[in-house]
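What follows is the residue order along each chain.
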Amino acid sequence: MSKIKAVVFDVYGTLLDPISVESIARELIPDALPFVMTWRAKQLEYSWLTSLMEHYHSFWELTENALEFTCDKYRISLDAYGLKRLLDAWGHVSPYPEVPDGLKTLREKGLKLAALSNGNPEMLEKGLGNAGIQPLLDKVMSVEEVEVFKPSPKVYQLALDWLKINDPAEVGFVSSNSWDAIGATAFGFTVCWLNRAGNPLDSLGYSPAAQVADFSKVVEFFS
Ligand code: LAC
């Protein structure tokens with residue numbers, strides 16, 4: 001992939017595994033899996049809704065709001081300590097095991113590496129810092145700079161501006177979220193969809209350049 005000058009990564013579900021949020025939830029809630037799935041789905045849904053409304057609220061705030069909705073939906077009443085434990089779990093998410101070495105390999109190939117996330121800067125600093133991933137990245141970019149969420153092209157443009165690259169095809173982009181992979185493809189990035197869950201591609205008429213099942217294949221694709 002000689003034309004690729006940099007690779008930009010989504011964070012949650014791509015570099016960091018939100019499974020630790022689920023393990024905390026298991027300590028507090030009897031049926032934790034649907035609870036966490038609803039929480040995550042609402043967190044994203046709120047990001048899209050507020051973007052369309054052109055009212056920016058930080059991803060942290062939306063995460064709190066989505067948790068409130070999820071507790072209401074499942075009629076679960078958590079005390080302040082329980083709520084804090086669940087929210088704090090977002091700051092202690094582990095990297096997928098193959099991620100640190102994969103990032104090191106890509107760096108050794110001379111590629112610039114960055115994260116581009118819906119998370120607000122404090123959330124990202126905590127999450128990527130605690131996971132030990134921050135030193136492996138040249139830059140961490142948050143949507144907060146443009147106050148709109150992915151998949152707005154304004155967000156993907158942040159990466160081009162930082163890299164001072166005009167042609168988006170020279171930038172590799174990796175996300176496990178199909179909607180993010182599609183948004184980045186529509187923007188013109190060379191996208192590797194890290195389809196860990198083995199989901200079908202959304203039928204919107206945008207095909208990422210590659211679709212792989214694990215991070216080692218991402219490294220192969222951009223090598
Ligand atoms: C992010 C979410 C969407 O990191 O995974 O941007």
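Located above this text is the structure these notes cover.
**Examining the overall build of the chain**
Working step 1: Of the regular secondary structure elements, the chain holds 9 helices and 8 strands.
Working step 2: A globule of 223 residues ought to have a C-alpha radius of gyration of about 17 Å, and the chain, at 17 Å, matches this closely.
Working step 3: Expressed as lengths along the three principal axes of its C-alpha atoms, the size of the chain is roughly 55 × 35 × 30 Å.
Working step 4: Burial analysis of the chain (223 residues in total) assigns 52% to the buried set.
Working step 5: Here the contacts in the chain between residues at least 6 apart in sequence split such that 66% fall between residues at least 24 apart.
Working step 6: Accessible surface, the chain as shown: approximately 10400 Å² in total, 52% of it carbon and sulfur.

**Let's talk about the site of the ligand**
Working step 1: The immediate surroundings of the ligand are formed by D10, V11, Y12, R40, S117, N118, K150, N177 and W179.
Working step 2: At 2.8 Å from an oxygen atom of the ligand is found a side-chain nitrogen or oxygen belonging to D10.
Working step 3: K150 places a polar side-chain atom, nitrogen or oxygen, 3.0 Å from an oxygen atom of the ligand.
Working step 4: Considered on its own, the ligand offers 220 Å² of accessible surface; in the complex 100% of this is hidden by protein.
Working step 5: Among the residues forming the shell around the ligand, the class breakdown is 3 nonpolar, 3 polar and 3 charged.

**Side note on the packing of helix 1 (residues 19–28) against helix 2 (residues 32–53)**
Working step 1: It is the contact of helix 1 with helix 2, at a shortest axis distance of 9 Å, that shows an interaxial angle of 130°. What the angle tells us is that helix 1 and helix 2 run oblique. Here the hand of the crossing between helix 1 and helix 2 comes out right-handed. Of helix 2, the residues touching helix 1 (which contributes V21, E22, A25 and R26) are A32, L33, V36 and W39.

**Some details on the sheet that holds strand 1 (residues 6–9)**
Working step 1: Across the sheet, 6 strands lie side by side as 5-4-1-6-7-8; this open sheet has parallel pairing. Looking at which strands have only one partner, the edges of the open sheet turn out to be strand 5 (139–142) and strand 8 (210–212). With strand direction ignored, the average angle separating the axes of adjacent strands in the sheet is 20°.
Working step 2: With 3 bridges joining them, strand 7 (residues 190–194) and strand 8 adopt parallel strand pairing. When the bridges of strand 8 are listed, W193 appears paired with Q211.
Working step 3: Strand contacts of helix 8 (residues 178–187): strand 6 (171–175) and strand 7, with the helix running at about 170° to strand 7, the strand carrying the most contacts.

**Re the side chain of S47**
Working step 1: Positionally, S47 belongs in helix 2.
Working step 2: What makes S47 buried here is its relative accessible area of 0%.
Working step 3: Among the polar contacts listed, one links the side chain of S47 to the backbone oxygen of L44, at a separation of 2.5 Å.
Working step 4: S47 has contacts with F59, L62, N118 and F149, leaving out every residue within four places of it along the chain.

**Observations regarding the environment of V8**
Working step 1: With respect to the helices and strands, V8 occurs in strand 1.
Working step 2: Residue class for V8 comes out buried when judged on its relative accessible area of 0%.
Working step 3: Along the backbone, V8 and A114 are 106 residues apart, and their C-alpha atoms lie at a distance of 4.7 Å.
Working step 4: What V8 contacts, discounting residues up to four positions off in sequence, is A114, L116, A159, V171, G172, F173 and V174.

**Here we look at the pattern of salt bridges**
Working step 1: Considering all chains together, one arrives at 10 salt bridges under this definition.
Working step 2: Residue R26 pairs with E22 through a salt bridge whose shortest N-O separation is 2.3 Å. With R26 and E22 both in helix 1 and 4 residues apart, the pair spans about one turn of that helix.
Working step 3: Taking the relative accessible area as the measure of exposure, R26 reaches 51% and is therefore exposed.

The rules we used
- Residues numbered from 1 in each chain as written.
- Predicted model: local features only at pLDDT ≥ 70, side-chain atom pairs only at ≥ 80, totals over all residues.
- Heavy atoms only, no water.
- Helix = DSSP H or I, 4+ residues; strand = E, 2+ residues; numbered from the N terminus.
- Rg over C-alpha atoms; globule rule 2.2 N^0.38 Å.
- Buried < 20%, exposed > 50% of the residue type's maximum accessible area, 1.4 Å probe, protein only.
- Contact = heavy atoms within 4.5 Å.
- Areas by Shrake-Rupley, 256 points an atom, 1.4 Å probe, with all protein chains shown as cover.
- Near = heavy atom within 4 Å.
- Polar contact = N/O pair within 3.5 Å; in protein donor to acceptor, adjacent residues only side chain to side chain.
- Nonpolar A, V, L, I, M, F, W, Y, C, P; charged D, E, K, R; others polar.
- Axes fitted to C-alpha atoms, helices over the stretch in contact; angles between N-to-C directions.
- Parallel < 35°, antiparallel > 145°, perpendicular 65-115°, else oblique.
- Left-handed = near helix turned anticlockwise from the far one by under 90°.
- Pairing = 2+ DSSP bridges.
- Salt bridge = Lys/Arg side-chain N within 4 Å of Asp/Glu carboxyl O.

Read these as layout, nothing more, since geometry by itself doesn't imply function.
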